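The residues making up each chain are set out below.
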Amino acid sequence: SSDLRPRKTDEPAAGRRAELGRRGQAPPRSEGDRLFAEKCKELQGFIKPLTELLNGLRRGRFDRGLSSFQQSVAMDRIQRIVGVLQKPEMGERYLGTLLQVERMLKVWFPHVIMNSSCSAECDQKDSKCKEQIGKHTS
């Protein structure tokens with residue numbers, strides 16, 4: 001006869017693992033997760049100009065050029081982008097999206113100098129890194 005009672009798990013350990021993941025202190029789980037975290041670090045320089053743009057929208061700086069709906073959508077999108085950049089633990093699943101955001105940010109803010117640690121690392125691990133990023137851009 002089979003036992004239908006739920007198995008006892010190590011709930012405190014599971015809770016700690018989830019908590020570590022939320023705080024971003026858990027080590028990356030895969031090469032893609034590591035690349036995502038590195039790319040977030042590389043794009044940190046965009047947070048300040050994005051925040052300035054967001055504050056300008058909130059203060060009505062763009063009232064003449066944008067409808068209230070357009071302003072609302074822009075603020076939502078900017079907040080989402082900043083949120084992603086501040087959560088490097090989100091991982092590989094969002095790497096493709098992050099790479100698209102990176103291209104957009106480089107066009108919007110060409111004056112921002114990026115932290116190139118990931119780019120330098122990609123050059124060192126050229127084929128493996130570009131292969132991993134290639135999976136998320138096609």
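Definitions and cut-offs
- Residues numbered from 1 in each chain as written.
- Predicted model: local features only at pLDDT ≥ 70, side-chain atom pairs only at ≥ 80, totals over all residues.
- Heavy atoms only, no water.
- Helix = DSSP H or I, 4+ residues; strand = E, 2+ residues; numbered from the N terminus.
- Buried < 20%, exposed > 50% of the residue type's maximum accessible area, 1.4 Å probe, protein only.
- Contact = heavy atoms within 4.5 Å.
- Expected span 1.5 Å × (residues − 1).
- pLDDT = per-residue confidence, 0-100.
- Polar contact = N/O pair within 3.5 Å; in protein donor to acceptor, adjacent residues only side chain to side chain.
- Core = buried A, V, L, I, M, F, W, Y, C linked by side-chain atoms within 4.5 Å.

As for the environment of Pro88
Relative to the assigned elements, Pro88 resides in the loop between helix H4 (68-85) and helix H5 (95-108). Classification of Pro88 as partly exposed rests on a relative accessible area of 28%. Aside from chain neighbours lying at most four places away, what touches Pro88 is Phe36, Ala37 and Cys40.

So, H5
Taking 1.5 Å of rise per residue, the 14 residues of H5 would be expected to cover 20 Å, and the 20 Å separating its terminal C-alpha atoms lies within 8% of that figure. Among all positions in H5, only Leu95, Gly96, Leu98, Leu99, Val101, Glu102 and Leu105 are buried.

Thoughts on the environment of Leu50
Along the chain, the position of Leu50 falls in helix H3 (residues 47-58). Given the relative accessible area of 0%, Leu50 is considered buried.

Thoughts on the confidence of the model for the chain
Here the chain averages 77 in pLDDT, while 63% of its residues score no lower than 70. Long-range and interchain partners of residues 1-19, a stretch whose pLDDT sits below 50, account for 0 contacts in this model, where long-range means more than four residues apart. Overall, residues 122-127 carries pLDDT values under 50, and its contacts beyond four positions in sequence, including any with other chains, amount to 3 contacts.

Let's talk about helix H2 (residues 31-42)
Compared with the 16 Å implied by 1.5 Å per residue over 12 residues, the 16 Å span of H2 between its first and last C-alpha is a close match. Within H2, the full set of buried residues consists of Gly32, Asp33, Arg34, Leu35, Phe36, Ala37, Glu38, Lys39, Cys40 and Glu42. For H2, the capping residue at the N-terminal end is Ser30, with a side-chain oxygen 3.3 Å from the backbone nitrogen of Gly32.

Notes on the side chain of Glu102
As for its position among the elements, Glu102 is in helix H5. Residue classification places Glu102 among the buried residues on the basis of a relative accessible area of 7%. Those residues in contact with Glu102, other than ones at most four positions away along the chain, are Lys39, Glu42, Leu43 and Met114.

Topic: the nonpolar core
Within the largest apolar cluster, 20 residues are counted, with the highest numbers of intra-cluster contacts made by Phe46, Leu50, Leu85 and Leu105. If you list the elements that add at least two residues to this core, you get H2, H3, H4 and H5. Considering each element in turn, this core owes the most residues, 5 residues, to H5. In contact with Phe46, other than residues within four places in its own chain, are Leu105, Lys106, Phe109, Val112 and Met114.

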